[in-house]
Amino acid sequence: MQQSMMLYVHIPFCIQKCAYCDFLSFPTAEKYKQAYIKALCAEIETWKGKESDPVSSVFIGGGTPSILLPDELGEILEALQTSFHIEKNAEQTIEVNPGTVTAEKAYFWRQEGINRISMGVQALDNDLLKTLGRIHTKEQVIESWELLSIAGFQNISFDLMMGLPGQTLSMWDETLHQALALHPRHLSCYSLILEEGTPFFEKQAQLDLPDEETERQMYWHTCRLLSEAGMQQYEISNFSQPSYESRHNTGYWRRKPYIGLGLGASSLLKEQVRIKNTSDMELYIRHSADREAICEERQILTLQDQMEEFMFLGLRCTRGVKKSDFLRLFGCSIDTVYGKNISKYLQYGLLQQEGDIIHLTERGMDVANQVFADFLLN
Ligand code: SF4
């Protein structure tokens, strides 16, 4: 049976590195940018005629894809169009940094069929933005949002961060209100995580981070306020107006097959193989037309791996997991594999069962990582 799939395209360039960021991205070097685009197109073209399943979602992420000039992005989009069968109504998202949006780019994205914007806003307080090492101001967020709206974008999502240095509950409340005033269709609200190797990690003792209790309050406040504003929570950290859930991210949580293209990109192929491209820029640029040569990791997922992923990715979503899906996919009932854990968390009030569906309760969302850890079979 023909199944649809998704594409992720990685653009590993940024104007400058943010103080908390451990994503695979580098400050832009023109020399690399041109060579990378050529190499990326060469990798994309290795799929020509090889993949017949239609593509239901394309996500151009980074890094900062909005750094690319229209001609540069145009080359990549053309390579995608000629190598894959992208459905007419596919969700096509580009990640943008508000410091890099221009009217020309916004019109170009729209004209090229991009229909969803994921904007890295993170904060709406200029002092905080400076502390985070972001290149933009609050005013640029508003200006970018206006340019994108004028260009015809209706589906705009903001990424916001809580638990930031010096941030109080009332500052976070103010951020949410300011964001809501712009009527985004979708909000992703993540807590700051101190990642090893970042400037924030090195100087964490001096950061004046909110304590754990304040951070929990920020999270609950987010759920409450966004629900009052008509945005439904469909995943632990993601909220949307009705029917504006990110199809791409939902696909990841549903374990839909995807092909990752570009430096360090991961794929989940339908025969349950996980592949990761090299993170070595020189190697990628030299050998991108040879998929074997740029493959850094290849993992064949066992049935157990697949069951674990099904559980902890599925439970992230408020609609939970379906017992009938587990049976169809793995040929055995969910209760024979996870019955003991499910009963335990039903009793604790962290899981709830409604007919065929098992999902986290509000309290369960709060301690989700602990619950997920129990669904690992080893
Ligand atoms: S713009 Fe995004 S990818 Fe680039 S350094 Fe900042 S957080 Fe990382």
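Computed from a predicted structure; not experimentally measured.

On to the overall build of the protein chain. The secondary structure content of the protein chain amounts to 15 helices and 17 strands. The C-alpha radius of gyration of the protein chain comes to 21 Å, within 12% of the 21 Å expected for a compact globule of 378 residues. Over its C-alpha atoms, taken along the principal directions, the protein chain stretches across nearly 60 × 50 × 40 Å. Looking at the 378 residues of the protein chain, the share that counts as buried comes to 36%. When contacts within the protein chain are restricted to residue pairs at least 6 apart in sequence, long-range pairs at least 24 apart make up 70% of them.

Most of strand β4 (residues 55-62) sits out of view: seven of its eight residues are buried. Sheet topology note: the strand β1 (residues 5-11)/β4 ladder contains seven bridges and is parallel. Looking at β4, one finds that M6 is bridged to S57. Two elements, β4 and strand β5 (residues 86-96), share five bridges in a ladder whose sense is parallel. Across the sheet, V58 pairs through a bridge with Q92, a residue of β5. Taken together, β4, helix α2 (residues 70-83) and β5 form a β-α-β motif whose crossover is right-handed.

Okay, the sheet that holds strand β17 (residues 357-360) next. Taken together, three strands build an open sheet; the order of strands is β15-β17-β16 and the sheet is antiparallel. Both edges of this open sheet fall to β15 (321-322) and β16 (351-354), since each of them pairs with a single strand only.

This part covers helix α6 (residues 169-181). Given 3.6 residues per helical turn, the α-helix brings residues three or four places apart onto the same face. Here α6 contains 13 residues, and its C-alpha end-to-end distance of 18 Å stays within 8% of the 18 Å for a straight helix at 1.5 Å per residue. Listed in full, the buried residues belonging to α6 are W172, T175, L176 and A179. Along the long axis of α6, the arc covered by the buried residues comes to 95 degrees, so they all point the same way. Away from its buried face, by an angle of more than 90 degrees, α6 presents the exposed residues S170, H177 and A181.

Once that is clear, we can look at unusual backbone geometry. Note that the residue after G62, namely G63, is joined by a cis bond; omega there is 20 degrees. By the element assignment, G63 lies in the loop between β4 and α2. Its identity is not glycine, yet S243 carries a phi of approximately 70 degrees, on the positive side. Within the secondary structure layout, S243 lies in the loop between β10 (238-240) and α9 (247-253). Positive phi outside glycine occurs at R255, with the angle close to 60 degrees. Counting through the fold element by element, R255 comes out in the loop between α9 and β11 (258-261).

Moving on: the environment of V101. Its place among the elements puts V101 in the loop between β5 and α3 (103-111). Given 24 C-beta atoms within a 10 Å radius, V101 is considered buried. Through-space distance from the C-alpha of V101 to that of L225 is 29 Å; in sequence the pair is 124 residues apart. For V101, the residues in contact, after removing those within four places along its chain, are S66, V96, A106, S144, L147 and L148.

Attention now goes to the site of the ligand. In the region of the ligand, the neighbouring residues are C14, K17, C18, C21, F23, S25, G62, G63, T64, N97 and G120. Broken down by class, the residue content of the shell around the ligand amounts to four nonpolar, six polar and one charged.

A separate point is the nonpolar core. Where a protein is soluble and globular, its nonpolar side chains tend to be buried together. Counting residues in each nonpolar core, the largest one holds 63 residues, and the members touching the most others are L7, Y8, L80, L160 and L261. The biggest single contributor to this core is β1, with six residues. Counting 16 residues, the second largest nonpolar core, distinct from the first, contains M307, F310, L351 and F375.

Attention shifts here to the environment of G61. Residue position: G61 is located in strand β4. Using a count of 21 C-beta atoms within 10 Å as the deciding quantity, one classes G61 as buried. In the structure, G61 is positioned 33 residues away from T28 in sequence and 15 Å away in space, judged by C-alpha atoms. Once you skip the residues sitting within four places of it in the chain, G61 turns out to touch Y8, H10 and E95.

Moving on, we get to the domain arrangement of the protein chain. Domain annotation for the protein chain reports domain 1 (5-252) and domain 2 (303-374). Domain 1 puts five residues into the contact, and the matching count from domain 2 is six residues. Taken together, the residues that form the side of domain 1 that touches domain 2 break down as two nonpolar, one polar and two charged.

At K340, helix α13 (residues 334-348) is deflected by roughly 50 degrees, the largest bend along its length. Against the buried residues of α13 lie α11 (303-314), α12 (323-330), β16, α14 (362-366) and α15 (368-374). Note on α13: the residue one or two positions beyond its end, G349, has a positive phi of about 80 degrees.

Right, let's talk about the packing of helix α1 (residues 30-45) against α2 for a bit. Two elements in contact, α1 and α2, have axes whose closest approach is 9 Å; the angle formed by their N-to-C orientations is 10 degrees. Judged by the inter-axis angle, α1 sits roughly parallel to α2. Of α2, the residues touching α1 (which contributes I37, L40, C41, I44 and E45) are E72, E75, I76, A79, L80 and S83. Looking at the contact of α1 with α2 residue by residue, the classes come out as seven nonpolar, one polar and three charged.

What counts, and at which threshold
Residues numbered from 1 in each chain as written. Predicted model: local features only at pLDDT ≥ 70, side-chain atom pairs only at ≥ 80, totals over all residues. Helix = DSSP H or I, 4+ residues; strand = E, 2+ residues; numbered from the N terminus. Rg over C-alpha atoms; globule rule 2.2 N^0.38 Å. Buried ≥ 20, exposed ≤ 12 C-beta atoms within 10 Å, placed from the backbone. Contact = placed C-beta atoms within 7 Å. Pairing = 2+ DSSP bridges. Right-handed = clockwise from strand over helix to strand, strands pointing away. Expected span 1.5 Å × (residues − 1). Arc of directions from axis to C-beta. Near = placed C-beta within 6 Å. Nonpolar A, V, L, I, M, F, W, Y, C, P; charged D, E, K, R; others polar. Core = buried A, V, L, I, M, F, W, Y, C linked by C-beta atoms within 7 Å. Domains from an automatic or database assignment. Bend = angle between axes of the 7 residues up to and from the residue. Axes fitted to C-alpha atoms, helices over the stretch in contact; angles between N-to-C directions. Parallel < 35°, antiparallel > 145°, perpendicular 65-115°, else oblique.

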